[in-house]
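Secondary and tertiary structure notes
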Amino acid sequence: MTKKAFQAESKRLLDLVINSIYSQKEVFLRELISNSSDAIDKIYYKALTDDSMTFNQSDYYIKIAADKESRTLNVSDTGIGMTAEELEENLGTIAQSGSFAFKNENELKDGYDIIGQFGVGFYAAFMVADKVTVISKALGSDQAFKWESEGADGYTIEPVEKAEVGTDITLQIKENGEEDDFDQFLEEHRLKSIIKKYSDFIRYPIKMDVTKSKPKEDNEEEYVDYIEEETINSMVPLWRKNKSELTQEDYENFYQDKHFGFDKPLTHIHTSVDGSIRYHAILYIPETLPYDYYSQDFEKGLELYSSSVLIMDKCADLLPDYFSFVKGIVDSDDLSLNISREMLQHDRQLKLIEKNITRKIKKELETMVKNDREKYESFYETFGRQLKFGVYSDFGANKDTLQDLLMFYSSTEKKLVTLAEYVERMPEDQPYIYYATGDSYDRIEKLPQTEMVADKGYEILFFTEDVDEFAIRMLMSYKEKEFRSVSSGDLGFEDDADEAESKEKEADNKELFTAMKELLTDKVKDVRASKRLKSHPVCLSTDGDISLEMEKVLNAMPNNQSIKAEKVLEINVDHDVFQALQKAYDGDKDQLKLYTHLLYNQALLIEGLQVDDPVAFTNDICKVMVP
Ligand code: ADP
Ligand code: MG
């Protein structure tokens with residue numbers, strides 16, 4: 001019998017597989033089982049439509065058997081089988097599906113990953129076996145054939161005896177190497193867990209003889225081992241079941257089984273889509289924050305199945321970053337199992353699924369805002385930050401998607417409110433959506449800058465997270481209402497009389513303000529009469545685009561660029577302190593310096609900023625106490 005060489009491209013793939021250092025060698029079993037399942041599909045559908053064939057559900061199964069002594073692992077099926085020609089064509093050359101074609105050498109290097117993540121098909125057997133024997137009898141044929149290969153140097157095909165239609169694959173499992181443990185692929189437990197992991201939802205039973213033990217009949221203390229055939233896989237995937245058949249508990253168990261989290265899911269979305277894309281999905285929003293969520297280590301992604309066979313643990317392309325907290329699975333019949341990562345990224349189907357899923361999650365959350373506020377708030381406490389990052393990142397590309405999911409604490413409602421709710425109750429004359437920033441609600445509440453706006457009866461949104469103001473700046477407006485910080489130079493609601501009055505005050509005290517400004521060179525851009533203060537003597541506001549809060553955030557970043565806000569010291573000219581300032585200006589210049597520094601430092605402290613020189617500040621206070 002002559003040995004035939006593999007077709008050139010197959011040989012390249014085979015070399016790659018054999019020499020693979022990839023750790024997930026276990027996927028070979030997934031590949032073989034999936035082929036068996038395909039083969040049973042073929043005979044099963046034939047039987048359904050062919051009246052001359054009798055068909056019996058229990059005839060269709062896959063059987064796995066390991067024998068430690070001979071170091072063989074057997075995968076057999078009652079599928080459609082292969083003729084000699086088919087053995088030659090399918091196993092001697094790359095599968096017709098042709099999905100595994102290397103484009104360039106880089107991809108070849110990448111191949112190690114490809115093997116782990118994506119199907120390489122039948123050849124994966126050579127990752128764990130020195131020799132692979134395939135005995136197959138095709139449906140409608142009297143003769144069975146044996147295909148055998150020890151890898152790269154070719155294969156043989158010869159006629160053999162086999163009673164039933166189907167395929168029997170025997171792997172001669174490799175000896176353990178220094179770093180490789182191949183014995184594991186002969187261990188019952190290990191095999192069971194690999195089957196569970198990758199092939200749990202294969203539609204046909206995957207059977208295995210499992211060793212069990214029971215108490216002896218005459219002596220309950222002693223146990224005897226016995227062998228029993230067990231079906232390892234659960235067969236029907238949850239996501240392909242009808243929603244009405246499933247209970248809340250089923251979904252929760254599945255979440256736990258899949259190790260999506262230690263918590264209970266906050267909510268789930270179960271969807272089956274049939275149309276230009278077809279897929280089934282179960283998606284979960286976790287209740288608690290994964291411990292590594294806001295760290296570099298966190299990897300987003302959904303489990304991806306192709307016709308119930310797992311092809312990827314974490315398919316990142318299925319989720320946008322702003323929904324990266326979503327867990328779950330997607331199963332589509334439209335994806336090929338043998339698919340390289342590069343192809344996956346550009347896969348049109350996958351993109352469509354992502355778009356579709358994103359819409360579903362958004363809808364679910366929007367419904368929750370309306371119908372289950374408490375739940376949404378709990379969600380928002382946990383993942384709201386991510387949504388705000390989502391608004392801010394990608395230059396605001398997703399702001400429209402996300403704006404109705406945002407919530408901020410309201411000065412008047414004393415709870416989280418949505419932007420829609422805010423705008424809904426805005427008085428007609430209110431020009432802007434106002435916000436104030438600070439470390440806590442408590443502190444913001446006490447900010448002098450909020451006085452005037454609050455006095456007008458306007459609602460103020462409290463921003464306590466560093467990302468808040470950045471996100472809002474990106475949003476710019478909501479329902480055509482612009483956002484405006486209570487610290488901004490222009491609050492937009494002065495009437496003409498006010499305007500004239502403040503101009504006058506400004507002019508009257510021009511020299512005093514100029515003198516103060518000089519005393520604060522490098523610290524503030526300007527000193528002005530305040531239009532927003534009522535009971536407080538001073539506050540800081542800003543000109544330009546950078547707010548005080550943004551300055552704080554930007555300067556705390558690792559690549560600190562010392563970005564400075566243009567600070568303005570605002571003085572309440574109706575406050576008694578102002579008279580003290582005027583008096584000092586007219587008389588004692590040292591006293592003016594003292595007061596100016598005191599007021600400036602006060603303004604910093606009120607903002608939650610640090611005073612530049614605490615010792616000088618406390619000395620200044622002492623000077624006031626003991627002149
Ligand atoms: P793919 O499954 O993507 O086609 P594989 O390398 O896994 O690629 O398999 C190549 C071909 O070999 C299959 O398409 C099928 O025709 C055939 N084949 C493999 N295993 C079996 C089997 N157990 N029964 C029948 N045909 C099989
Ligand atoms: Mg295959």
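Residues numbered from 1 in each chain as written. Chains lettered and ligands numbered in written order. Predicted model: local features only at pLDDT ≥ 70, side-chain atom pairs only at ≥ 80, totals over all residues. Heavy atoms only, no water.

So, on to the overall build of the chain. The helix and strand tally for the chain stands at 20 helices and 22 strands. Relative to a compact globule of 627 residues, whose C-alpha radius of gyration would be 25 Å, the chain shows 36 Å and is clearly more extended. For the chain, the spread of C-alpha atoms along the three principal axes comes to 115 × 60 × 50 Å. For the chain, with 627 residues in total, the buried portion stands at 49%. In the chain, the share of contacts with a sequence separation of at least 24, taken over all contacts with a separation of at least 6, comes to 70%. Taken as a whole, the chain presents about 31500 Å² of accessible surface, with 47% of it coming from carbon and sulfur. On the chain, the mean spot of the 77 positive side-chain charges and the mean spot of the 124 negative ones are 2 Å from each other. (Helix = DSSP H or I, 4+ residues; strand = E, 2+ residues; numbered from the N terminus. Rg over C-alpha atoms; globule rule 2.2 N^0.38 Å. Buried < 20%, exposed > 50% of the residue type's maximum accessible area, 1.4 Å probe, protein only. Contact = heavy atoms within 4.5 Å. Areas by Shrake-Rupley, 256 points an atom, 1.4 Å probe, with all protein chains shown as cover. Lys, Arg positive; Asp, Glu negative; His and termini not counted. Charge placed at Lys NZ, Arg CZ, Asp CG, Glu CD.)

Taking 1.5 Å of rise per residue, the 18 residues of helix H19 (residues 589-606) would be expected to cover 26 Å, and the 26 Å separating its terminal C-alpha atoms lies within 8% of that figure. Of all the positions in H19, only Leu592, Leu594, Thr596, His597, Leu598, Leu599, Tyr600, Asn601, Ala603 and Leu604 are classed as buried. Residues of H19 that are buried in the fold lie against helix H16 (510-519), strand E21 (538-543), strand E22 (566-571), helix H18 (576-586) and helix H20 (614-625). Two or three places before Asp590, at the opening of H19, Asp588 has a side-chain oxygen 3.0 Å from that residue's backbone nitrogen. Where H19 terminates, the next one or two residues include Gly608, which has phi positive at roughly 80°. (Expected span 1.5 Å × (residues − 1). Polar contact = N/O pair within 3.5 Å; in protein donor to acceptor, adjacent residues only side chain to side chain.)

According to the stated counting rule, one finds 1 cavity of 30 Å³ or more in the structure shown. Counted as a void, the largest cavity has a volume near 40 Å³. For the largest cavity, the full set of lining residues is Thr437, Gly438, Asp439, Arg443, Leu447, Lys552, Ile606, Glu607 and Gly608. Taken together, the residues that form the lining of the largest cavity break down as 2 nonpolar, 3 polar and 4 charged. (1 Å grid on protein atoms, 1.4 Å probe; cavity = no way out; pocket = protein on both sides within 12 Å on 5 of 7 lines; lining within 4 Å. Points joined across faces, edges and corners; volume = space filled by probe spheres on them. Nonpolar A, V, L, I, M, F, W, Y, C, P; charged D, E, K, R; others polar.)

What follows is about the sheet that holds strand E9 (residues 265-273). Ordered in space as E9-E10-E13-E11-E12, the 5 strands form an open sheet in which the pairing is mixed. Two strands bound the open sheet, and with one partner strand each, they are E9 and strand E12 (309-315). When strand polarity is set aside, the average angle formed by the axes of neighbouring strands in this sheet is 15°. Where strand E10 (residues 279-286) meets strand E13 (residues 327-332), 5 bridges bridge the pair, whose relative direction is antiparallel. Counterpart to Ile282 in the pairing with E13 is Ile329. On the sheet, helix H9 (residues 373-392) packs against E9 and E10 and is oriented at approximately 100° with respect to E9. (Pairing = 2+ DSSP bridges. Axes fitted to C-alpha atoms, helices over the stretch in contact; angles between N-to-C directions.)

Right, let's get into the pairing of strand E14 (residues 407-410). Inspection of the sheet shows E14 paired to strand E15 (residues 416-418) by 3 bridges, in the antiparallel sense. From the neighbouring strand, Phe408 faces E15, where its bridge partner is Val417. Between E14 and E15, which pair antiparallel and follow one another directly, the connecting turn spans 5 residues, one of which, Lys414, has a positive phi of 55°. As defined by bridge partners, E14 adjoins strand E17 (residues 460-463) across 2 bridges and the pair is classed as antiparallel. Paired with Tyr409 across the strands is Phe462, a residue of E17.

Our focus in this paragraph is a negative patch on the surface. Side chains of Glu178, Glu179, Asp180 and Asp181 sit close together on the surface and give a patch of like negative charge. With respect to the helices, strands and loops of the structure, Asp181 is situated in the loop between strand E6 (166-173) and helix H5 (188-199). Judged by its relative accessible area of 40%, Asp181 falls in the partly exposed class. (Patch = residues over 30% accessible without salt bridge, like charges linked within 9 Å, V, L, I, M, F, W, Y side chains within 5 Å. Salt bridge = Lys/Arg side-chain N within 4 Å of Asp/Glu carboxyl O.)

A separate point is the confidence of the model for the chain. Mean pLDDT over the chain works out to 87, with 91% of the residues at or above the 70 mark. Here residues 94-119 scores under 50 on pLDDT; set against residues more than four positions off or in separate chains, the count is 70 contacts. (pLDDT = per-residue confidence, 0-100.)

Below, the discussion takes up the nonpolar core. Of all hydrophobic cores here, the largest spans 69 residues; its most connected members are Phe323, Tyr376, Phe379, Leu387 and Tyr434. Residue contributions to this core peak at 7 residues, all from helix H8 (residues 348-371). Counting only domains with at least three residues in this core, you end up with domain 2 (238-371) and domain 3 (375-493). Among residues more than four places away in sequence, those in contact with Phe323 are Thr358, Ile361, Lys362, Leu365, Leu387, Leu402 and Leu405. (Core = buried A, V, L, I, M, F, W, Y, C linked by side-chain atoms within 4.5 Å. Domains from an automatic or database assignment.)

Time to look at the domain arrangement of the chain. A common measure of how large an interface is: the accessible area buried when the components associate. Domain annotation of the chain identifies domain 1 (8-231), domain 2 (238-371), domain 3 (375-493) and domain 4 (494-627). Look at where the C-alpha atoms of domain 3 and domain 4 centre, and you get two points 26 Å apart. Of all residues in domain 3, Pro448, Glu451 and Phe470 bury the most surface against domain 4, accounting for 27% of the area lost on that side. Taken together, the connections running from domain 3 to domain 4 amount to 1 salt bridge. Linking Lys534 and Asp455 is a salt bridge whose minimum nitrogen-to-oxygen distance equals 3.0 Å. (Buried area = accessible area lost by both parts, 1.4 Å probe.)

Our next topic: the packing of aromatic side chains. Across all of its chains, the model carries 36 aromatic pairs by this definition. For the pair Trp239 and Tyr305, a centre-to-centre distance of 4.7 Å together with 50° between the ring planes defines the contact as tilted. Of the two residues, Trp239 sits in the loop between strand E8 (223-231) and helix H6 (248-257) while Tyr305 sits in strand E11 (residues 302-306), which places them 66 residues apart along the sequence. Note on Trp239: relative accessible area 0%, which makes it buried. (Phe/Tyr/Trp six-rings, centres within 6.5 Å; stacked < 30°, edge-to-face > 60°.)

On to unusual backbone geometry. Generally, phi is negative for residues other than glycine and the peptide bonds are trans, each holding for most cases. In this structure, Asp394 takes a positive phi of about 55° despite not being glycine. Checked against the element boundaries, Asp394 lands in the loop between H9 and helix H10 (399-402). The backbone of Phe395 shows a phi angle near 55°, a positive value even though the residue is not glycine. Residue placement: Phe395 occurs in the loop between H9 and H10.

Take the packing of H9 against helix H14 (residues 466-475) next. Interaxial distance between H9 and H14 falls to 8 Å at its minimum, and their mutual angle equals 40°. Between H9 and H14, the interaxial angle falls into the category oblique. As H9 runs across H14, the sense of the crossing is left-handed. Listed contacts from H14 to Arg385, Lys388, Phe389, Val391 and Tyr392 of H9 are Asp466, Val467, Asp468, Phe470, Ala471, Met474 and Leu475. Partitioned by chemical class, the residues of the contact of H9 with H14 number 8 nonpolar, no polar and 4 charged. (Parallel < 35°, antiparallel > 145°, perpendicular 65-115°, else oblique. Left-handed = near helix turned anticlockwise from the far one by under 90°.)

Following the criterion strictly, the structure yields 45 salt bridges and no others. For Glu230, the salt bridge is made with Lys212, and the minimal N-O distance between the two is 3.0 Å. Here Lys212 lies in strand E7 (residues 206-215) and Glu230 lies in strand E8, a separation of 18 residues in the sequence. By relative accessible area, Glu230 is classed as partly exposed at 21%. A residue is classified by how much of its surface remains accessible, and Lys212, at 24% relative accessible area, is partly exposed. Salt bridges linked by common partners bring Arg385, Lys388, Glu465, Asp466 and Asp468 together as one network.

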